[in-house]
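Inside the fold
Spelled out from the first residue to the last, the chains are:
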Amino acid sequence: MENPTKNNVGDTKISILNCIDLSNPDVHQSVSLLKQACLDSGFFYVINHGISEEFVDEVFSQSRRMFCLPLSEKMKILRNEKLSGYTPVLDELLDPENQVHGDYKEGYYIGVEVDEADPGAEKPFFGPNVWPAPELLPGWRETMEKFHREALEVARAVARIIALALDLKVDFFDQTEMFGEPIATLRLLHYEGKVSDPSKGIYGAGAHSDWGLITLLATDDVVGLQICKDKDAKPQIWEYVPPLKGAFIVNLGDMLERWSNGLFK
């Protein structure tokens, strides 16, 4: 879609996002669509990104296997000081001004794997990850490490289009001092099914912005993600983003907004 539009379905607003096709040979069209999305809302879809639907389905299946473990087992792989590992329901509180409890979701963080003996392991977010025992979840670590690598390559491809949209050289973010050793975190999330009730301060995930450059979001077929295109509006208007099979939903982070001097949001 070249121009994002909004439709009303009952009382629910649905946001229609631009779609960036990474296999499109017309780079100028991709840059134009991405730039329009970054100026409008900071959200867009990415399709034909090179990760097969079958593998993404396997990642979701492996994710469910972990979250279906007894809580006693999941607490053995609790998040460490490097923010790698399991986070229980209510552990995170994203919007303390409006939430009476933490988020009604559980998660699992996987960061950049660096051997403990490596000097690089001293940096924040780098070091040995926390992994479930292989006899408990055979093949789980291998699946997640592969997905981490492949998703990072998609992020690099998106970053090249972002660079062009900012009138920079296409390889700007490929430079060693930029994306040479990126802080790349894979997060698995499971929402336990409790329905959000803003009037009571109950949320699956509170309102927030992501702090990094970009986030790639792979979803199932359940509509749940909401975005606010104008965070300064009173009142804020929230719109649902429908899932698109085989696509990543991409949103810009605070760092890119800062680096673009507020041009992108």
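Keep in mind the model is a prediction, meaning the values are calculated, not measured.

Each value, and the rule that gives it
- Residues numbered from 1 in each chain as written.
- Predicted model: local features only at pLDDT ≥ 70, side-chain atom pairs only at ≥ 80, totals over all residues.
- Heavy atoms only, no water.
- Pairing = 2+ DSSP bridges.
- Helix = DSSP H or I, 4+ residues; strand = E, 2+ residues; numbered from the N terminus.
- Axes fitted to C-alpha atoms, helices over the stretch in contact; angles between N-to-C directions.
- Contact = heavy atoms within 4.5 Å.
- pLDDT = per-residue confidence, 0-100.
- Salt bridge = Lys/Arg side-chain N within 4 Å of Asp/Glu carboxyl O.
- Buried < 20%, exposed > 50% of the residue type's maximum accessible area, 1.4 Å probe, protein only.
- Disulfide = S-S within 2.5 Å.
- Core = buried A, V, L, I, M, F, W, Y, C linked by side-chain atoms within 4.5 Å.

Turning our eyes to something else, we now look at the sheet that holds strand S4 (residues 43-47). Read across the open sheet, the 4 strands follow the order S3-S4-S13-S10; overall the sheet is mixed. Of all the strands in the sheet, just strand S3 (19-21) and strand S10 (214-217) have a single pairing partner and so form its edges. Averaged over all pairs of adjacent strands, the angle between their axes in this sheet comes to 30°, without regard to strand direction. Across 4 bridges, the pairing between S10 and strand S13 (residues 248-252) is antiparallel. Looking at S13, one finds that Ile214 is bridged to Leu252. With respect to the sheet, helix H1 (residues 27-40) is in contact with S3, S4 and S13, its orientation differing from that of S3 by roughly 150°. In the packing of helix H4 (residues 140-165) onto the sheet, contacts are made with S3, S4, S10 and S13, and the angle to S10 comes to roughly 130°.

The predicted coordinates should not be examined in detail at positions where pLDDT is low. Across the protein chain, the average pLDDT comes to 90, with 95% of residues at 70 or higher. Predicted confidence for residues 1-10 stays below pLDDT 50, and this span has 26 contacts to residues more than four positions away or in other chains.

Quick look at the pattern of salt bridges now. Applying the stated criterion across every chain yields a total of 15 salt bridges. The salt bridge involving Lys229 is made with Asp40; its shortest N-O contact spans 3.3 Å. Residue Lys229 is found in the loop between strand S11 (226-228) and strand S12 (238-240), and its partner Asp40 is found in helix H1; the two are separated by 189 residues along the sequence. Judged by its relative accessible area of 29%, Asp40 falls in the partly exposed class.

Per the stated rule, a full pass over the model turns up 0 disulfides. Left without a disulfide partner, Cys19 is nearest to the cysteine sulfur of Cys38, which lies 14 Å away.

Core analysis: the largest hydrophobic core is formed by 44 residues, its most contacted members being Leu34, Phe44, Tyr108, Trp140 and Ile162. When residues of this core are traced back to their parent elements, those giving at least two are H1, S4, helix H2 (53-67), strand S6 (105-110), H4, strand S9 (186-191) and S13. Counting 8 residues, the second largest nonpolar core, distinct from the first, contains Phe43, Ile227, Val241 and Ile249.

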